[in-house]
Amino acid sequence: MTGDGALADLAATLRRTEEYPVDRVANRWLGEAEAVAGDLADADLPDEVVHERLGHVEHLLSNVDGTGSAEADALVERAKALTATAIERYED
């Protein structure tokens, strides 16, 4: 069951990357990760579905090597850490 603060924090962190000038390629990955994280924060899903979709967010973020913005890079690193923590939380 979702709706927890960690998922909302993840979605908000990814949303904040929009405030900075981000490389076009990185922006594509971030936008998709933000969409999935936003859905997770807003939906009431079974834990196994949350875990699976967090894995998708983790994969998307793994494709972001740099954004061209130090501020956005820091947010991406935070999002990666939040994702890893959430994945552990939603493991069987």
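Before reading on, note that the structure itself is shown above.
Residues numbered from 1 in each chain as written. Predicted model: local features only at pLDDT ≥ 70, side-chain atom pairs only at ≥ 80, totals over all residues. Heavy atoms only, no water.

Q: Where do I start with the overall build of the protein chain in this structure?
A: Across its full length, the protein chain carries four helices and zero strands. The helix and strand sequence of the protein chain, counted from the amino end, reads α-α-α-α. Against the compact-globule benchmark of 12 Å for 92 residues, the protein chain has a radius of gyration of 12 Å, which places it among compact chains. Each principal axis of the C-alpha distribution contributes one length, and for the protein chain these read about 35 × 20 × 15 Å. The proportion of buried residues among the 92 residues of the protein chain is 40%. Intrachain contacts of the protein chain at a sequence separation of at least 6 include 78% that bridge at least 24 residues. Counting 8 positive and 21 negative side-chain charges, the protein chain places the centres of these two groups 5 Å from one another. (Helix = DSSP H or I, 4+ residues; strand = E, 2+ residues; numbered from the N terminus. Rg over C-alpha atoms; globule rule 2.2 N^0.38 Å. Buried < 20%, exposed > 50% of the residue type's maximum accessible area, 1.4 Å probe, protein only. Contact = heavy atoms within 4.5 Å. Lys, Arg positive; Asp, Glu negative; His and termini not counted. Charge placed at Lys NZ, Arg CZ, Asp CG, Glu CD.)

Q: Before we go on, may I ask you to explain the pattern of salt bridges in this structure?
A: Should the charged atoms of two oppositely charged side chains come close, the side chains can pair. Counting across every chain of the model gives two salt bridges. Taking the shortest distance from any N to any O, the salt bridge between Asp9 and Arg78 comes out at 2.5 Å. Remark: Arg78 occurs in helix H4 (residues 70–89) and Asp9 occurs in helix H1 (residues 5–16); sequence separation between them is 69 residues. For Lys80, the salt bridge is made with Glu77, and the minimal N-O distance between the two is 3.7 Å. (Salt bridge = Lys/Arg side-chain N within 4 Å of Asp/Glu carboxyl O.)

Q: Before we go on, may I ask you to explain the environment of Arg28 in this structure?
A: Note that Arg28 resides in helix H2 (residues 24–42). For Arg28, a relative accessible area of 51% translates into the label exposed. Here the alpha-carbon distance between Arg28 and Asn63, two residues 35 residues apart in the chain, equals 10.0 Å.

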